Amino acid sequence: MDELLSLTRTTLDAAEDEIESLIARLERGDPLAVGEVYDLHHNAVRAFAKRLVGESAAAEDLVHEVFVTLPKAIRGYRGDSSLRTFLISIAVNHARHHVRAATRRRRAMEKLALEPERPSDDPERDARRRELARALTRALDELPLDQRVAFVLCEVEERTSREAGLIVGVPEATIRTRLFHAKKKLRAMLEQEGLR
Amino acid sequence: MTVERDILDEAVRALRETTAEEEPGHRFTRARVMASLHQGKVRRRTRLAFVLPLAASFVAASAWGVSSGKAQAFFKELGEAVGILPATPPTDDKPAIPKPRKGERQSAPKPAATEAPVGEEPPAEEEAPVEETPAPAEQKPEPSETKPAETTELTTGPRSSAEKPEKPAPRVTSSPTDPSPAPVTSAPDPELELYREAHRAHFQDQDTLRALGAWNRYLERHPNGRFALEARYNRALCLVRLGRKDEARAALAPFASGRYGGYREREANELIEALSK
């Protein structure tokens, strides 16, 4: 049992050292270190970006910006959260422009009915799912960015309000308030769209 | 209300699922990230390659300007031209005369020159023998060691050797090539007359003994006068020439120790060293 504990401790120490070395390399602006972080965390960052901006192309742009600015942003990393959480917070900080651009594009696309459809095994279910996701994204477009970020972090990504507060850099209570208002507005908007 | 919450939850689930799917474009984004980082690195290197030589040139030019004393004169002139610095005021014991412009100074008539006997005004070439002396009579217009403001000025180092100290009212420091000691004033100035007399005996007539007496007279009457510093130094030179080594050493010692902000410090040290041989 002691051996197992010792082994676990050694493994944890090694992992910590590895992360520290990775962060040191990031601080030096080593592109290979950025590549390593990308490989480890791009899925999480991309998922968050897509949920926040509601569009693949804009999400890719946001992911790109997050990792390009990482060597500079890492200087502000204090190690009080995981590197993944830190990456999400960078995405939040750079989201405004991308959200606005994606919202504009989405509105134009909807007017022209150019939303691409993907083939599926269960077309009916997928159609319903896509309709709901689109409706929620449209409703999110109407929210202020702060409320939108709080909703995506807490409801869609299922993070705690404490974690969301760490990411956004505001108190937990502020996140809860934003979430409350966001949900209220979203419900009203979904109801207006006639979704049941 | 329950229905509303359900639809919101369902929509959230739908959004979560649709956005969790693997994106085929992630490799492309990775390549873009790496390319952007590489470009940023190249851009930084290029910027550095341009900025470093420029900065080095600027630093070198500034250092040269400071060491040669030209930077101070340049910034002063620039400040006056732009209007940040006030124009140099005339000295207290002179009537206020507007400072002549650089170009005007050569042709402008000098009232003092017309009042003083022509023979008393040292010609432009009189500086030549001064340069031959071991320590030429470079003079600063405000030499007093007792006035703190003037001492501060002295710390900026001696000015050009061609600069004359006799200029009384407007401190035309920006024209070091003007060889004339004649003041731009019409009022008689006993201090200036004494200085002129000593200067003439020292540099024009090269009568060392008479010059020493004249410098002593000047310093007796104007120990804190405008030209006291130059007078002290020239007096020391007279003592050197007369072979009165101990007195010369004593007279040169304050200059050598840098008491006057470095004014004639090097020359004084060299003279003291020569005297001790």
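What counts, and where the lines are drawn
Residues numbered from 1 in each chain as written. Chains lettered and ligands numbered in written order. Predicted model: local features only at pLDDT ≥ 70, side-chain atom pairs only at ≥ 80, totals over all residues. Heavy atoms only, no water. Helix = DSSP H or I, 4+ residues; strand = E, 2+ residues; numbered from the N terminus. Areas by Shrake-Rupley, 256 points an atom, 1.4 Å probe, with all protein chains shown as cover. Phe/Tyr/Trp six-rings, centres within 6.5 Å; stacked < 30°, edge-to-face > 60°. Buried < 20%, exposed > 50% of the residue type's maximum accessible area, 1.4 Å probe, protein only. Core = buried A, V, L, I, M, F, W, Y, C linked by side-chain atoms within 4.5 Å. Contact = heavy atoms within 4.5 Å. pLDDT = per-residue confidence, 0-100. Patch = residues over 30% accessible without salt bridge, like charges linked within 9 Å, V, L, I, M, F, W, Y side chains within 5 Å. Salt bridge = Lys/Arg side-chain N within 4 Å of Asp/Glu carboxyl O. Polar contact = N/O pair within 3.5 Å; in protein donor to acceptor, adjacent residues only side chain to side chain. Nonpolar A, V, L, I, M, F, W, Y, C, P; charged D, E, K, R; others polar. Axes fitted to C-alpha atoms, helices over the stretch in contact; angles between N-to-C directions. Parallel < 35°, antiparallel > 145°, perpendicular 65-115°, else oblique. Left-handed = near helix turned anticlockwise from the far one by under 90°.

Asks: What am I meant to see in the overall build of chain A here?
Replies: A tally of helices and strands in chain A yields 10 helices and 0 strands. For chain A, the N- to C-terminal ordering of α and β elements is α-α-α-α-α-α-α-α-α-α. Total accessible area on chain A stands at roughly 10,800 Å², and carbon and sulfur atoms take up 52% of it.

Asks: Just to check I follow, could you spell out the overall build of chain B for this structure?
Replies: Of the regular secondary structure elements, chain B holds 12 helices and 0 strands. Order of helices (α) and strands (β) in chain B, N terminus to C terminus: α-α-α-α-α-α-α-α-α-α-α-α. Surface accessibility of chain B: about 14,900 Å² in total, with carbon and sulfur atoms responsible for 59%.

Asks: I'm lost on the packing of aromatic side chains in this one. Help?
Replies: The description of an aromatic ring pair rests on the distance of the ring centres and on the angle between the ring planes. Residue and element names in this part refer to chain B. Under the criterion given, the structure shown has 10 aromatic pairs over all chains. Ring centres of Phe74 and Phe75 lie 5.4 Å apart, and the angle between their planes is 65°; on these two criteria the pair is classed as edge-to-face. You can call Phe74 partly exposed: its relative accessible area is 49%. Geometrically, the ring pair formed by Tyr195 and Tyr218 is edge-to-face, given 5.9 Å between the ring centres and 75° between the ring planes. Here Tyr218 lies in helix α9 (residues 208-221) and Tyr195 lies in helix α8 (residues 190-204), a separation of 23 residues in the sequence. Residue Tyr195 shares its accessibility class with Tyr218, and that shared class is buried. Connected via pairs of aromatic rings, a cluster forms that spans Tyr195, Trp215, Tyr218 and Phe227.

Asks: Whenever I open this one, helix α5 (residues 83-93) of chain A confuses me. Can you help?
Replies: Side chains three or four residues apart in an α-helix point the same way, a direct result of the helix having 3.6 residues per turn. Counted residue by residue, α5(A) has 9 buried out of 11 residues, so it is predominantly covered. The set of residues buried in α5(A) consists of Leu83(A), Thr85(A), Phe86(A), Leu87(A), Ile88(A), Ser89(A), Ile90(A), Ala91(A) and Val92(A).

Asks: What is the right way to read the nonpolar core from this model?
Replies: The tendency in soluble globular proteins is for nonpolar side chains to be buried side by side. The biggest cluster of nonpolar side chains holds 63 residues, and the ones touching the most others in it are Phe67(A), Leu70(A), Leu136(A), Phe151(A) and Leu186(A). Ranked by the residues each element gives to this core, the list is headed by helix α2 (residues 31-53) of chain A, at 9 residues. Leave out the neighbours within four places in its chain, and Leu136(A) touches Phe151(A), Leu186(A), Leu190(A), Leu8(B), Ala11(B), Val12(B) and Leu15(B). Grouped together as the second largest cluster of nonpolar side chains are 32 residues, Tyr233(B), Phe255(B), Ala256(B) and Tyr260(B) included.

Asks: How should the confidence of the model for chain A be read in this particular structure?
Replies: Regions with low pLDDT should not have their predicted coordinates read in detail. In the predicted model, chain A carries a mean pLDDT of 85, and the fraction of residues at 70 or more is 88%. Averaged pLDDT values for the elements of chain A fall to 75 in helix α1 (residues 2-27) of chain A and rise to 94 in helix α8 (residues 145-156) of chain A.

Asks: Just to check I follow, could you spell out a nonpolar patch on the surface for this structure?
Replies: Residues Phe74(B), Phe75(B), Leu78(B), Val82(B) and Ile84(B) make up a contiguous nonpolar surface patch of about 550 Å² in total accessible area. When you line up the elements, Ile84(B) lands in the loop between α3 (70-82) and α4 (102-107).

Asks: Would you mind going over the interface of chain B and chain A with me for this structure?
Replies: It is common to give the size of an interface as the accessible area that goes away when the parts come together. Facing the 29 residues of chain B at the interface are 41 residues of chain A. Here chain B and chain A share 5 salt bridges between them. The shortest N-O distance in the salt bridge between Arg32(B) and Asp61(A) comes to 3.2 Å. At the junction of chain B and chain A, the tally comes to 11 residue pairs in polar contact (both at pLDDT 80 or more). When residues of the side of chain B that touches chain A are assigned to their parent elements, the largest contribution, 15 residues, is made by helix α1 (residues 2-20) of chain B. Class assignment for the residues of the side of chain B that touches chain A results in 12 nonpolar, 6 polar and 11 charged.

Asks: Teacher, can you tell me more about the packing of α8(B) against α9(B) here?
Replies: For any two helices packed against each other, the geometry comes down to the angle between their axes and how far apart the axes lie. Residue and element names in this part refer to chain B. Contact pair α8 / α9: the axes reach a minimum separation of 8 Å and the direction vectors enclose 160°. On the basis of their axis angle, the class for α8 and α9 is roughly antiparallel. Like other packed secondary-structure pairs, α8 and α9 cross with a definite hand, here left-handed. In this structure, α8 contributes Glu191, Leu194, Tyr195, Glu197, Ala198, His199, Ala201, His202 and Phe203 to the contact, and α9 contributes Arg210, Ala211, Ala214, Trp215, Arg217, Tyr218 and Arg221. Among the residues forming the contact of α8 with α9, the class breakdown is 9 nonpolar, 2 polar and 5 charged.

Asks: Whenever I open this one, the packing of α2(A) against helix α3 (residues 56-68) of chain A confuses me. Can you help?
Replies: Residues and elements named next belong to chain A. At a closest axis distance of 8 Å, the pairing of α2 and α3 adopts a crossing angle of 140°. Accordingly, the angle class assigned to the pair α2 and α3 is oblique. Pair α2 / α3 crosses with right-handed handedness. For the pair formed by α2 and α3, the contact residues are Val34, Val37, Tyr38, His41, His42, Val45, Arg46, Ala49, Lys50 and Val53 on the first element and Ser56, Ala58, Ala59, Glu60, Leu62, Val63, Val66 and Phe67 on the second. Across the contact of α2 with α3, the residue classes tally to 12 nonpolar, 3 polar and 3 charged.

Asks: I keep staring at the pattern of salt bridges and nothing clicks. Help me out?
Replies: Pairs may arise between side chains of opposite charge once their charged atoms sit close together. By the definition in use, this model includes 28 salt bridges over all chains. Taking the shortest distance from any N to any O, the salt bridge between Glu155(A) and Lys183(A) comes out at 3.3 Å. One end of the pair, Glu155(A), is in helix α8; the other, Lys183(A), is in helix α10 (residues 172-192), and 28 residues separate them in sequence. Residue Glu155(A) is classed as buried on the basis of its relative accessible area, which comes to 17%. Since its relative accessible area comes to 22%, Lys183(A) is described here as partly exposed. Measuring nitrogen to oxygen at the nearest pair gives 3.0 Å for the salt bridge that ties Arg244(B) to Glu247(B).

Asks: Is there a simple way to explain the side chain of Thr137(A) in this structure?
Replies: Along the chain, Thr137(A) turns up in helix α7 (residues 123-141). Within the local environment of Thr137(A), its side chain forms a polar contact with the backbone oxygen of Ala133(A), the two atoms lying 2.8 Å apart. In contact with Thr137(A), other than residues within four places in its own chain, are Gly54(A), Arg106(A), Arg148(A) and Leu15(B).

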